[in-house]
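Analysis of the macromolecular model
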Amino acid sequence: MSVTFPAGFRAAGVTAGLKDSGNKDLALVVNDGPLDVAAAVFTSNRCKANPVLWSEQAIRDGHAKAVVLNSGGANCYTGAQGFQTTHATAELVGELVGAGAVDVIVCSTGLIGVNFHRDKLLEGVRVAADQLSRDGGADAAEAIMTTDTHSKQSLVRTEGWSVGGMAKGAGMLAPALATMLVVITTDAVVDTEICDEALRAATAKTFDRLDSDGCQSTNDTVVLMASGASGVSVDAHELTAAVTNVCQDLAMQLLGDAEGSAHEITIEVVNAASEADALEVGRAVARSSLFKCAIYGEDPNWGRVLAAAGTTKAVFEPHQLDVAINGVQVCTGGEPDESPEKVVFDGRAVNVRVDLHAGAESGTIWTNDLTEAYVHENSAYST
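Reference entry: report on the structure contained in this document.

Analysis parameters
- Residues numbered from 1 in each chain as written.
- Predicted model: local features only at pLDDT ≥ 70, side-chain atom pairs only at ≥ 80, totals over all residues.
- Heavy atoms only, no water.
- Helix = DSSP H or I, 4+ residues; strand = E, 2+ residues; numbered from the N terminus.
- Rg over C-alpha atoms; globule rule 2.2 N^0.38 Å.
- Buried < 20%, exposed > 50% of the residue type's maximum accessible area, 1.4 Å probe, protein only.
- Contact = heavy atoms within 4.5 Å.
- Pairing = 2+ DSSP bridges.
- Axes fitted to C-alpha atoms, helices over the stretch in contact; angles between N-to-C directions.
- Salt bridge = Lys/Arg side-chain N within 4 Å of Asp/Glu carboxyl O.
- Expected span 1.5 Å × (residues − 1).
- Polar contact = N/O pair within 3.5 Å; in protein donor to acceptor, adjacent residues only side chain to side chain.
- Parallel < 35°, antiparallel > 145°, perpendicular 65-115°, else oblique.
- Left-handed = near helix turned anticlockwise from the far one by under 90°.
- Nonpolar A, V, L, I, M, F, W, Y, C, P; charged D, E, K, R; others polar.
- Core = buried A, V, L, I, M, F, W, Y, C linked by side-chain atoms within 4.5 Å.
- 1 Å grid on protein atoms, 1.4 Å probe; cavity = no way out; pocket = protein on both sides within 12 Å on 5 of 7 lines; lining within 4 Å.
- Points joined across faces, edges and corners; volume = space filled by probe spheres on them.
- Phe/Tyr/Trp six-rings, centres within 6.5 Å; stacked < 30°, edge-to-face > 60°.

1. Some remarks on the overall build of the chain
- Across its full length, the chain holds ten helices and 15 strands.
- Since a compact globule built from 383 residues should have a radius of gyration of about 21 Å, the 21 Å found for the chain is in line with a globular shape.
- Each principal axis of the C-alpha distribution contributes one length, and for the chain these read about 65 × 50 × 35 Å.
- Looking at the chain as a whole, 56% of its 383 residues qualify as buried.
- In the chain, of all internal contacts separated by at least 6 residues, the share reaching a separation of at least 24 is 80%.

2. Considerations on the sheet that holds strand β5 (residues 104–108)
- Strand order in the open sheet formed by four strands is β1-β2-β4-β5, with mixed pairing between adjacent strands. At either end of the open sheet lies a strand with only one pairing partner, and these are β1 (9–14) and β5. Looking at each pair of strands side by side, their axes are set apart by 10 degrees on average, direction ignored.
- Across five bridges, the pairing between strand β4 (residues 66–70) and β5 is parallel.

3. Brief notes about the pattern of salt bridges
- Under the criterion given, the structure shown has twelve salt bridges.
- A salt bridge links D211 to R287, with the nearest nitrogen and oxygen atoms 2.7 Å apart. Here the residue D211 occupies a position in the loop between α5 (192–205) and β9 (221–226), and R287 occupies one in the loop between α7 (275–286) and α8 (289–296), the gap between them amounting to 76 residues.
- The exposure class assigned to R287 is partly exposed, which follows from its relative accessible area of 41%.
- Through salt bridges with shared partners, one network takes in D148, K152 and D257.

4. Some details on helix α6 (residues 236–256)
- Between its first and last C-alpha atoms α6 spans 30 Å; for 21 residues at 1.5 Å apiece the expected length is 30 Å, and the two agree.
- Looking at where α6 begins, the residue whose side-chain oxygen comes 3.2 Å from the main-chain nitrogen of H237 is D235.

5. A look at the sheet that holds strand β11 (residues 322–325)
- Strand order in the open sheet formed by six strands is β13-β12-β11-β14-β10-β15, with mixed pairing between adjacent strands. Looking along the sheet, the strands with just one partner apiece sit at the ends: β13 (335–336) and β15 (361–368).
- Sheet strands touched by helix α9 (residues 302–309): β11, β12 (328–332), β13 and β14 (349–355). Its angle to β11, the strand with the most contacts, is close to 135 degrees.

6. Brief notes about the packing of helix α1 (residues 50–58) against helix α2 (residues 79–97)
- Between α1 and α2, the shortest axis-to-axis distance is 9 Å and the interhelical angle comes to 50 degrees. By the criterion of interaxial angle, the relationship of α1 to α2 is oblique. For the crossing formed where α1 meets α2, the hand is right-handed. Packed against α1, whose contacting residues are N50, P51, L53 and W54, the element α2 presents G79, G82, F83, T86, H87 and A90 at the interface.
- Here the contact of α1 with α2 is composed, by residue class, of five nonpolar, five polar and no charged.

7. Topic: the nonpolar core
- Ranked by size, the top nonpolar core spans 50 residues in total, and within it L28, L69, M166 and M225 carry the most contacts.
- Core analysis: the second largest hydrophobic core is formed by 34 residues, M180, V234, A236 and L254 among them.

8. Points about empty space enclosed by the protein
- Counted by the stated rule, this structure contains two cavities of 30 Å³ or more.
- Here the largest cavity is characterised by a volume of approximately 50 Å³.
- Along the walls of the largest cavity sit 13 residues, with N70, T89, V106, S108 and L121 positioned nearest its centre.
- Of all the secondary-structure elements, those providing two or more residues to the lining of the largest cavity are β4, α2 and β5.
- Of the residues that constitute the lining of the largest cavity, the class distribution is seven nonpolar, six polar and no charged.
- Quantified by volume, the second largest cavity comes out at close to 40 Å³.
- Lining the second largest cavity, in full, are N75, T78, Q81, G82, T85, V114, N115 and F116.
- Each residue belonging to the lining of the second largest cavity can be placed in one class, and the counts come to two nonpolar, six polar and no charged.

9. Focus: the side chain of S162
- Relative to the helices and strands, S162 resides in strand β7 (residues 162–168).
- Of the residues examined, S162 reaches a relative accessible area of 3% and is grouped as buried.
- When neighbours within four sequence positions are excluded, S162 is seen to be in contact with F5, P6, L155, V156, R157, T185, T186 and D187.

10. Topic: the pairing of strand β3 (residues 37–42)
- In terms of burial, β3 is a largely internal element, six of the six residues being buried.
- Residues V37, A39 and V41 point to one face of β3 and A38, A40 and F42 to the other, with burial holding for every one of them.
- Summarising the sheet, β3 and β9 pair through six bridges and their orientation is antiparallel. Within β9, the residue paired with V37 across the bridge is A226.

11. Some words on the packing of aromatic side chains
- All chains considered together, the criterion is met by one aromatic pair.
- The interplanar angle of 55 degrees and the centroid separation of 6.3 Å between the aromatic rings of W54 and F83 together place this pair among those described as tilted. Placement of the pair is W54 in helix α1 and F83 in helix α2, with a sequence separation of 29 residues.

12. Observations concerning the pairing of β11
- Here β11 shows no split at all, with D322 and A324 on one side and V323 and I325 on the other all buried.
- In this sheet, β14 lies alongside β11 in antiparallel orientation, the contact comprising four bridges. Residue pairing in the sheet places D322 in a bridge with D355 of β14.
- In this sheet, β12 lies alongside β11 in antiparallel orientation, the contact comprising three bridges. Across the sheet, A324 pairs through a bridge with Q329, a residue of β12.
- Between β11 and β12, which pair antiparallel in sequence order, lie two residues; one of them, N326, sits at a positive phi of approximately 50 degrees.

Structure (structure tokens):
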């Protein structure tokens, strides 16, 4: 199901002792080739963690041999010592897998501003390298969890080649990307340009439209590695379609595991003047605490939707907006329509459709409600 299903990859997930819980906290994914093509996208937060600063440079040539990921500490705002830890980690991984340090992507997740024990981390790297296997994908996916309640894996099989992926993330889910570490693998034969094009197109339509709580992480990293081990050459369209499917699946798993959430909300904005307008309106609704609290209380308060839309610069006439919640047209032309009492909240899924009547473009944003459990989780996170 995970990163080791495509041919040419091995992985491991081990306990390095970075987490007080004693759970797995270090993962290693290695590309055995014959190709070492790779691409990556990172958080757009200006405050970047040491591993992001390292990996942004390492991926510039479009090649990577391995990805090493730790939970139990973000290694962000940890000074020169923290960057030295990142560098030492990449050097050791490179030595153990027969590559240069610049061919190693480093990822970390956990608390900001906390220095973890470098010796434990490096010893964990050695253990992980010894345990690399074609069956190690599930262990690797488990090792990158923080507040996640379960590991997240995905797989797309096509004729003669495949794409696999793993992800972590449960809070601070906001573009771009979301608080996530994601590794995607494929055994297709592709070049660096196709790899990069496919990843950027896929993340733009999936992870970048996930907006759980409006908070953007310092560590977000999504990596795509291609081994070419299938011997099957694919074009940009084929790879983009498969990678997008994996990213979409993982994004919805992240949303479903959002900290403390009771509902997953799809906000569909239609008939916008531009896709950018549709996404701006969708994000404004997704980031409205009033709207999110209303959904938690299963209150179809469509006024919260219109109020959020009105904070944007999107093109529309305020008194021509329509809103439907779970298929019930509660607002038409900026006025009450069907009774909100007709809206049925059945299960976790909620659909909100906003019609701007301003054009022919559309866009969808995914979010979740705001609950007491989310507040508790994040008020006690560091303690």
